[in-house]
Amino acid sequence: MQSFQFTSFDFNPKTGTLLLDYKCGSYTFQEKIIFPGSPFDETLVSSLKPVFFLTHIALGISYYKAFCSEKIEIFSGELTLDEANFFNHFYLSGLGEFAIRNDLNLQGKISFPYSHETREKKLDINLKDEAFVAVGGGKDSCVTIEMLKSFKPTLFSVGIARPIEDCIKISSFNSVMVRREISPTLLKLNETGKVYNGHVPISGMIAFISFCLALLHQKRFVVLSNERSANVGNMKQGMLDVNHQWSKSFEFEESFYKLTKKFSPEFRYFSILRPLSEIHIAKLFAQKCEKYHSSFTSCNKAFKLDLHKRLNRWCGCCDKCRFVFLILAPFLSRPELIQVFGSNPLNDEMQEVGYKELLGLSGHKPFECVGEVEECRYAWFLLQNRPDWKDDILIQKIKVEQHEGNLFIPSLQHMIPEEFRDAFKRFIE
């Protein structure tokens, strides 16, 4: 396939449906994003066409990856040079893990066309000092909800799964859901095994969806729950730092801010948890978010697109389960944590290889949303000296030495607006 084409997009204000169309060879694809709150004002919708256009380019990554075409053509609008550079980096870094797993090297092969024109005109939209908070059903977003409860935020999710639904219900805040329908053509192609498939920067894609959502509802803030540990990559491919969590990183957050401020300088997309390590967040969750303990879930198998393959909670044997169990173990009682997970991976010798990767003793950092080696080693070191954990099979078998370092000292690298900093400080004290 020599050319991947961004053919058209269209937003229906009556239904809140954004249609995104793509083509490659004889294959055509249409993705649907359905925003809550319709019907929308037609004048507002008309002014948002440049934002819908950027979303069209961002979400095309799911379809581009099937073929990794040598040529990219855009018929739905024109990118500026800065925007083209943003998407060159978005596709390259966002598909870093995908490229490794498919034995591809995309460096120097992704080039978005651009116009030499610039965008001088800002969007004429008045935004209210209100916030959307993204809910993923895991411990991090629960911490954010409790940290910002005095703001009475509106919670949002893209799609729904039982952990998300339960956490929203427990929070008692208002919520909205965006529906995303992937093109059936792509899903069928993926089943054939004749096209490339793999990880996409879903958090980055949701960033663009949330930009649309916020402007449609005229809210100024979109708050995420990405920690500083997301900045650390998994491995290198040439000069590229391959990071499973790249679109959760500070690098993405900063570049997304620079992109969006040219359209709406008031709008802010940021992570309130950016200064914190994963293990610090785990401690806060254990101590201050008790009401979510029996409902939260981070295991990806609870969020599978195929509803028939979804689990209700934890599988107990994947990298995510191993990691979350480990960093919560120092802060929750053994009976409570085992009850939450339904198992104890630390007492399962079949999980030795997975834990050695998390501890940096073999392989590389797993391609998953997990924390840094230092965090895992510190948690493991604590468990080695705890009477209720020290006799577990793997705690006995693997020994580490680790000091606390700066794991509980907030980083100064963040983009938290002034309005939210007091709430952050009060919650972590």
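To keep things clear, this report deals only with the structure shown in the data block.

Things to note about the overall build of the chain
The helix and strand inventory of the chain stands at 17 helices and 11 strands. Taken against the 2.2 N^0.38 rule, which gives 22 Å for 429 residues, the C-alpha radius of gyration of the chain at 22 Å falls within 12% of a compact globule. Oriented by its inertia axes, the alpha-carbon framework of the chain measures out at about 65 × 50 × 40 Å. Among the 429 residues that make up the chain, the fraction classed as buried is 57%. Taking the intrachain contacts of the chain between residues at least 6 apart in sequence as the baseline, contacts between residues at least 24 apart amount to 73%.

Notes on the environment of Leu240
With respect to the secondary-structure elements, Leu240 resides in strand S10 (residues 240–242). Assessed through its relative accessible area of 10%, Leu240 is described here as buried. Along the chain, Leu240 and Ser93 lie 147 residues apart, while their C-alpha atoms are 7.6 Å from each other. In this structure Leu240 touches Leu92, Ser93, Gly96, Gln107 and Met235, once residues within four positions along its chain are discounted.

A look at unusual backbone geometry
Following Ser38, the chain continues into Pro39 via a peptide bond in cis, with omega recorded as 5°. Tracing the sequence through the fold places Pro39 in the loop between strand S3 (27–34) and helix H1 (42–47). Not every positive phi belongs to a glycine, and Lys152 is a case in point at roughly 50°. Tracing the backbone through its elements, the reader meets Lys152 in the loop between helix H6 (139–147) and strand S6 (154–158).

Describing helix H10 (residues 250–260)
What H10 keeps buried is the set Phe250, Phe252, Glu253, Ser255, Phe256, Leu259 and Thr260. Each element contacted by the buried residues of H10 is listed here: helix H2 (49–59), helix H4 (81–94), helix H9 (202–216) and strand S11 (268–271).

Re the pairing of strand S7 (residues 175–181)
Where S3 and S7 come together, three bridges link them in antiparallel fashion. Among the inter-strand pairings, Ile33 is bridged to a residue of S7, identified as Arg180. Strand direction decides the pairing type here: S6 and S7, joined by four bridges, are parallel. Its bridge partner lying in S7, Phe156 is registered against Val176. Remark: the S6/helix H7 (residues 162–171)/S7 crossover connection has right-handed handedness.

Comments concerning the side chain of Gln351
Assignment of secondary structure puts Gln351 in the loop between helix H13 (334–341) and helix H14 (352–358). On the basis of relative accessibility, which here comes to 5%, the residue Gln351 falls in the buried class. At 2.8 Å, the side chain of Gln351 and the backbone oxygen of Gly316 are in polar contact. Excluding residues within four positions of it along the chain, Gln351 makes contact with Gly316, Cys317, Arg322, Pro345 and Leu394.

Some thoughts on the state of the cysteines
All told, the structure shown has zero disulfides when counted by the stated rule. Left unpaired, Cys24 is separated from the closest cysteine sulfur, that of Cys68, by 9.7 Å. Using a relative accessible area of 0% as the deciding quantity, one classes Cys24 as buried. Cysteine Cys289 remains unbridged, with the sulfur of Cys142 as its closest cysteine sulfur at 6.4 Å. For Cys289, a relative accessible area of 1% translates into the label buried.

Quick word on the pairing of strand S2 (residues 17–24)
Burial analysis of S2 places six of its eight residues in the buried class, which makes it a mostly covered element. As judged from the eight bridges shared by strand S1 (residues 3–12) and S2, these two strands associate in the antiparallel manner. Counterpart to Asn12 in the pairing with S2 is Thr17. Once S1 ends, the chain turns through four residues before running back antiparallel as S2, passing Gly16 with a positive phi of about 70°. Alignment of S2 against S3, held across eight bridges, turns out to be antiparallel. Counted as the bridge partner of Lys23 is Thr28 from S3.

Some points on the sheet that holds S1
Ordered by their spatial adjacency, nine strands build an open sheet running S4-S1-S2-S3-S7-S6-S5-S8-S11, and the pairing between neighbours is mixed. Single-partner strands in this sheet number two, and they are strand S4 (71–74) and S11. Pairs of neighbouring strands in the sheet enclose a mean axial angle of 20°, with direction left out of account. Sheet topology places S1 next to S4; four bridges connect them, and they run parallel. If you follow Gln5 over to S4, its bridge partner there is Glu73.

Points about the side chain of Lys139
Mapped onto the elements of the fold, Lys139 is located in helix H6. In contact with Lys139, not counting residues within four places along its chain, are Glu278, Ala282, Phe285, Phe296, Ser298 and Ile327.

With respect to the pattern of salt bridges
In this structure the tally under the stated criterion is 20 salt bridges. With a shortest N-O distance of 2.6 Å, Glu278 and Lys139 are connected by a salt bridge. Residue Glu278 is found in helix H11 (residues 278–288), and its partner Lys139 is found in helix H6; the two are separated by 139 residues along the sequence. Lys139 shares its class with Glu278; the two are buried. One salt bridge in this structure joins Glu146 and Lys149, with 3.7 Å as the shortest N-O distance. Exposure remark for Lys149: the relative accessible area of 46% places this residue in the partly exposed category.

Criteria and thresholds
- Residues numbered from 1 in each chain as written.
- Predicted model: local features only at pLDDT ≥ 70, side-chain atom pairs only at ≥ 80, totals over all residues.
- Heavy atoms only, no water.
- Helix = DSSP H or I, 4+ residues; strand = E, 2+ residues; numbered from the N terminus.
- Rg over C-alpha atoms; globule rule 2.2 N^0.38 Å.
- Buried < 20%, exposed > 50% of the residue type's maximum accessible area, 1.4 Å probe, protein only.
- Contact = heavy atoms within 4.5 Å.
- Pairing = 2+ DSSP bridges.
- Right-handed = clockwise from strand over helix to strand, strands pointing away.
- Polar contact = N/O pair within 3.5 Å; in protein donor to acceptor, adjacent residues only side chain to side chain.
- Disulfide = S-S within 2.5 Å.
- Axes fitted to C-alpha atoms, helices over the stretch in contact; angles between N-to-C directions.
- Salt bridge = Lys/Arg side-chain N within 4 Å of Asp/Glu carboxyl O.

The values are spatial; any link to function lies outside them.
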